[in-house]
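# Working through the structure, step by step
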Amino acid sequence: MSINRVNITGNLTRDPELRATQGGTQVLHLGVAVNDRRRNPQTGNWEDYPNFIDCVMFGTRAEAIQRYLSKGTKVAIEGRLRYSSWERDGQKRSKIEVVIDEIEFMSSRQGGNSSGYGQQQGGYAAPAPQANYQASAPQAPAPAPVAAPPAADVYDEDIPF
């Protein structure tokens, strides 16, 4: 049995590139820089060394999230490795890339937009306060709190067999 899962967190190295296959499937290509920390043998200091990872996402989700990503955006990616090989000009070439299953935005977008996203670091902004209504307007009772289900330590998906 083998497990092919990858989790990386890093910054986009370039603006995402959206293409479509001949069949119409959307394909989003991303480059992610992930730092590796190691000691410099000359100075003895710890230094960050970047690793550049190619990532790809398919389908309508790829098209939808493309507009929210740009160079420098910090993301967390979960996916799987995929090996590809081909021949170009008589030379054999190959690469390993991450096929994205899940992506999470970890930094806000630069600039403002009307949706409220990007106004706070790492997430959505709180909704704007509502205007006060007339004092004579009846107020609806607050809904009763919903009890959360008990937390489970192990789920069937977590068991590798």
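Per-chain numbering applies: the sequence of each chain, read as written, is numbered from 1 onward. For a predicted model such as this one, the threshold for reporting local features is a pLDDT of at least 70, and the threshold for listing and counting side-chain atom pairs is 80 or more; totals across whole chains, interfaces and linings nevertheless cover every residue. For the side-chain quantities, the full set of heavy atoms in the structure was used; hydrogens and water were omitted.

Below, the discussion takes up the environment of I100. Residue placement: I100 occurs in strand β6 (residues 91–105). A simple rule labels every residue: compare its accessible area, found with a 1.4 Å probe on the protein chains alone, to the largest value its type can have, and call it buried under 20%, exposed over 50%, or partly exposed in between. Since its relative accessible area comes to 6%, I100 is described here as buried. Each C-alpha atom of the pair I100 and A62 lies 9.5 Å from the other, and the pair is 38 residues apart in sequence. Not counting the four nearest positions on each side in its chain, I100 is found in contact with L30, C55, V56, M57, I77, E78 and G79. Note on conventions: DSSP H or I runs of at least 4 residues are helices, E runs of at least 2 residues are strands, and numbering of each starts at the N terminus. Any two residues whose heavy atoms approach within 4.5 Å at even a single point are treated as in contact.

Now for the nonpolar core. Nonpolar side chains tend toward joint burial in soluble globular proteins. Counting residues in each nonpolar core, the largest one holds 18 residues, and the members touching the most others are L30, V32, C55, L69, V75, I77 and I103. Of all the secondary structure elements, the ones that give two or more residues to this core are β1 (6–12), β3 (26–39), β4 (46–58), α1 (60–66), β5 (74–88) and β6. Residues contacting V32, with those up to four places away along its chain left out, are I8, G10, N11, L12, T13, N51, F52, I53, C55, V75 and I77. Each nonpolar core is a collection of buried residues, namely Ala, Val, Leu, Ile, Met, Phe, Trp, Tyr and Cys, held together in the definition by side-chain atoms within 4.5 Å.

Two strands pair when backbone bridges link them, and β4 and β6 are joined in this way by two bridges, in the parallel orientation. Bridge pairing links C55 to V98 in β6. Taken together, the 14 bridges between β5 and β6 define a ladder with antiparallel strand orientation. Bridge assignment links I77 to a residue of β6, and that residue is I103. Note: two strands are recorded as paired if DSSP finds a minimum of 2 bridges between them.

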